[in-house]
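# Report on the structure
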Amino acid sequence: MSDFNSASNQVRAMEKEVCILRSEIEDARKGIGLEEDNPELKKMMEENMKLQHRLAVLEAACEKICTQGGGSSTLPQGNSIIEQLQGLFTVAIRKAYPSVTVTTVITNCNVPKFGDYQFNSAMHIVQQLKQQSIKATPRDVAQNIKDALPSPVALIEKVEVSPAGFVNVFISKQYIEQQVMSLLKDGIRFPLLERKRVIVDFSSPNVAKEMHVGHLRSTIIGDSICRFLEFLGHDVLRINHIGDWGTQFGMLIAHLQDQFPNFQTVSPPIGDLQAFYKQSKVRFDSDAVFKKRAYECVVKLQSGEPSYLKAWNLICDVSRKEFQTIYNRLDVTLIERGESFYQSRMQSIVDELKAGGFLEEDDGRLIMWSEDRTGIPLTVVKSDGGFTYDTSDMAAIKQRLHEEKADWLIYVTDAGQATHFQTIFSCAKRAKILDAHKRVDHVGFGVVLGEDGKKFKTRSGDTVKLAELLDEGLKRSMNKLLEKERNLVLTPEELRDAQESVAYGCIKYADLSHNRNNEYVFSFDKMLEDKGNTAVYLLYAYTRIRSIARNCGGDFESNIQKVIDTATVKLDHEKEWKLAKALLRFTDVMLLITKNLSLHHLCEFAYEICTTFSEFYDSCYCIKKNKEGKIVEVYTSRVLLCEATARTLGKCFDILGLKPISKI
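About the cut-offs
Residues numbered from 1 in each chain as written. Predicted model: local features only at pLDDT ≥ 70, side-chain atom pairs only at ≥ 80, totals over all residues. Heavy atoms only, no water. Helix = DSSP H or I, 4+ residues; strand = E, 2+ residues; numbered from the N terminus. Buried < 20%, exposed > 50% of the residue type's maximum accessible area, 1.4 Å probe, protein only. Contact = heavy atoms within 4.5 Å. Areas by Shrake-Rupley, 256 points an atom, 1.4 Å probe, with all protein chains shown as cover. Expected span 1.5 Å × (residues − 1). Pairing = 2+ DSSP bridges. Polar contact = N/O pair within 3.5 Å; in protein donor to acceptor, adjacent residues only side chain to side chain. Axes fitted to C-alpha atoms, helices over the stretch in contact; angles between N-to-C directions. Parallel < 35°, antiparallel > 145°, perpendicular 65-115°, else oblique. Nonpolar A, V, L, I, M, F, W, Y, C, P; charged D, E, K, R; others polar. Core = buried A, V, L, I, M, F, W, Y, C linked by side-chain atoms within 4.5 Å. Salt bridge = Lys/Arg side-chain N within 4 Å of Asp/Glu carboxyl O. pLDDT = per-residue confidence, 0-100.

The secondary structure content of the chain amounts to 24 helices and 16 strands. Residues counted as buried form 52% of the 664 residues belonging to the chain. Sequence-distant contacts in the chain: of pairs separated by 6 or more residues, those separated by 24 or more amount to 73%. Carbon and sulfur atoms provide 50% of the accessible area of the chain, an area that totals close to 31,300 Å².

As structure tokens, then:
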């Protein structure tokens, strides 16, 4: 991060240390036998003094950064406005009230007369002062905080205190204008974060089974999270942990041997692997001889016999091609690391857990409890000596942390697996495989519902196949475009591009725009609406915004960068001001998603940009034409604001996996 944000973040972290230590000192003073000359108490008080000194140095560094350069701020451009304000107000709180520790709360203000942002921590400070027998009103506290703010700061135009104790912050117009120009000249930027090696585990279909609607959310959410992290500059490894191992392959291989005995030399024409799987399952359940042979095939496969490995690879290859077709349509990239990849590491993890004394015998099984011994333990070894999903997940987390050197692990699965991953993470910590410096997240999500409010299925009650769902999306998308007579103005190629952009975009956006923790109703009718918070509305808005510069002609159409290098943005109209401020909330949204990995915040932001742009466009002419329709004047500043809007929306679309097009 920038020097300023780095220093202010350290201030907030150290405040917590001081507060905790101060509390420990008070507890020690109250404790039996801990008098003023007690060595332990003296040591704690010395540590507290050191922390207070370091805190003062950091506060001074923050203030210096804010006021350097002849008394005006040189806060780095491209940073979060809320983060900058939090840093400034944190310093002010420490100056005005060094005895309290509160969270610095800064919120957006939607009423222009009350400013652009508000500081809302005065009441919390009053409550802490009351505990110290100090009387104060929220307004008095707010005034003291205001007086303690570094001044002048280029970010801030003015600061006012409300009677209720809020500090209203008015952002400098010049600062916002500079930020918009920086966006145009340097691109969509994000404050530099510590680059991490991140592994994202998502999608994860099973070999010999078609991808269905149950894989939709994991694939879409996982891909968007990867795009988000890649934009932030992290080193992201996209893992597809497919189900490519287990007893089901015994019956598949046995069935393959019967149906295509020459599979070793001639590639078997398995057109429908799902049907092939069902056939083998029927035989497995009804034919005892076949069932016995299937188990023998599993043993031979796991022992590495070449012919059985070849049969297994043939079956996996058919599935891979089917999976890849879906991923190509959704523009999703993955690296396959199936369950088979971890087989050689499973015995090692079992030996390691045994040696560490973490495994306990339970009715012939070997189980492992989490750190607090609550919930359901992991079954690491079955009573028959076989391994389980628990074993492979422990082997996977060890491989990803220790071999891949990952700093951050993310698992994108349905919310029903939350307890399983909590146990896996806890057991990994207990075994010292996972340390406190590594971040792990289970990104859970709710199920997809049909319009009847029940789990999304076909009319016959079957699971909806993902390929058929995408085909239906294409069909409905084309019908919508023809209904609007877009075929009369678009070439066949442009019409096809629009069809795919709308079809796949609406499916992705309908998923991502909902809080992932909740269920959502899948409805093509709703997601294809061109009004409201839908992909169609956003894509149309983007296309309209992009057309403005083209309609200006000249350098605006052929060399927009030349215009950017020679012009400036001026925000004189209230709608220009509102739009520019909305654009600069991009970084705040990125920081929020970093914390919770919920992409609906970005969807809400993109929708806000489009609606705010609509207000701007209705009130502010970008091009002035005479009665004959000839351009007589181009409002350059406004056209550049349109360009900044398009670039910001374009980056949102890229993260969400939407593909905007120039004509729709």
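Don't stop here, the text continues.
Right, let's get into helix H7 (residues 213–231). Under the 1.5 Å per step criterion, the end-to-end length of H7 is 28 Å for 19 residues, consistent within 8% with the ideal 27 Å. Among the 19 residues of H7, 17 are classified as buried, and the element is accordingly described as predominantly covered. Of the residues one or two after H7, glycine 233 is the one with positive phi, at around 100°.

Bringing the sheet that holds strand E11 (residues 408–412) into the picture now. The strand order E7-E6-E5-E11-E12 describes an open sheet built from five strands, whose pairing is parallel. Two strands close off the open sheet at either side, each with one partner strand: strand E7 (335–336) and strand E12 (439–443). As judged from the five bridges shared by E11 and E12, these two strands associate in the parallel manner. By the bridge assignment, tryptophan 408 is partnered in E12 with arginine 439.

With that settled, the discussion passes to helix H6 (residues 173–186). A rise of 1.5 Å per residue sets the reference length of H6, with its 14 residues, at 20 Å; its end C-alpha atoms lie 20 Å apart and thus fit the reference within 8%. Tucked inside the fold, the buried residues of H6 contact helix H3 (81–96), strand E4 (167–171), helix H20 (560–566), helix H21 (574–583) and helix H24 (636–656). You can read the cap of H6 off the contacts: a side-chain oxygen lies 3.3 Å from the backbone nitrogen of glutamine 174, and it is on serine 172. Phi turns positive one or two residues past the end of H6, at glycine 187, with a value near 90°.

For glutamine 84, the position within the fold is in helix H3. Engagement of the side chain of glutamine 84 in a polar contact is seen with the side chain of tyrosine 175, the distance being 3.2 Å.

So, about the sheet that holds strand E3 (residues 156–161). Read from one edge of the open sheet, four strands run E1-E2-E4-E3, paired in antiparallel fashion. A strand with exactly one partner marks an edge of an open sheet, and here the two such strands are strand E1 (106–108) and E3. Between one strand axis and the next, the sheet turns through 25° on average, direction left out of account. In this sheet, E4 lies alongside strand E2 (residues 117–119) in antiparallel orientation, the contact comprising three bridges. The partner of tyrosine 117 across the bridge, within E4, is valine 169.

This part is about unusual backbone geometry. Note that the residue after serine 151, namely proline 152, is joined by a cis bond; omega there is -5°. Mapping proline 152 onto the fold places it in the loop between helix H5 (138–148) and E3. Within the chain, serine 204 stands out as a residue other than glycine whose phi angle is a positive 55°. Within the element layout of this structure, serine 204 appears in the loop between strand E5 (197–201) and H7. Since its relative accessible area comes to 24%, serine 204 is described here as partly exposed. A positive phi is found at aspartate 363, a non-glycine position, where the angle reads about 50°. In this structure, aspartate 363 sits in the loop between strand E8 (360–362) and strand E9 (365–368).

Let us now look at the packing of H7 against H24. Put simply, H7 and H24 touch, their axes get as near as 7 Å, and they point 130° apart. Comparing the axis directions of H7 and H24 gives the class oblique. On H24, the residues touching Ser224, Arg227, Phe228 and Phe231 of H7 are Lys651, Asp654, Ile655 and Leu656. Here the contact of H7 with H24 is built from residues that sort into four nonpolar, one polar and three charged.

Our focus in this paragraph is the pairing of E9. With three bridges joining them, E8 and E9 adopt antiparallel strand pairing. Within E9, the position partnered with glutamate 360 by the bridge is isoleucine 367. The hairpin formed by E8 and E9 contains two residues between the paired strands, and aspartate 363 there has a positive phi angle of roughly 50°. By the bridge criterion, three bridges tie E9 to strand E10 (residues 378–381) in an arrangement that is antiparallel. Pairing of isoleucine 367 across the sheet is with threonine 379, part of E10.

Counting residues in each nonpolar core, the largest one holds 144 residues, and the members touching the most others are Leu85, Ile171, Ile176, Ile410, Phe522, Met590 and Leu602. In contact with phenylalanine 522, not counting residues within four places along its chain, are Leu216, Val448, Leu449, Glu451, Phe456, Leu469, Ile507 and Met527. Within the second largest apolar cluster, 32 residues are counted, among which are Ile199, Tyr342, Ile349 and Ala396.

It is worth spelling out the pattern of salt bridges at this point. All told, the structure shown has 40 salt bridges when counted by the stated rule. For the salt bridge of glutamate 160 with lysine 158, the shortest nitrogen-to-oxygen distance reads 3.3 Å. Using a relative accessible area of 33% as the deciding quantity, one classes glutamate 160 as partly exposed. For lysine 158, a relative accessible area of 40% translates into the label partly exposed. The residue glutamate 336 makes a salt bridge to arginine 320 at a minimum N-O spacing of 2.8 Å. With glutamate 336 in strand E7 and arginine 320 in helix H11 (residues 306–330), this residue pair connects regions lying 16 residues apart in the sequence.

Counting all residues, the mean pLDDT for the chain is 88, and 88% of those residues have values of 70 or more. Between residues 65–77, whose pLDDT stays under 50, and residues either more than four places distant or in other chains, the model counts 33 contacts.

On to the environment of glutamate 574. Topologically, glutamate 574 is positioned in helix H21. With 45 residues separating them along the chain, glutamate 574 and serine 619 place their C-alpha atoms 9.4 Å apart.

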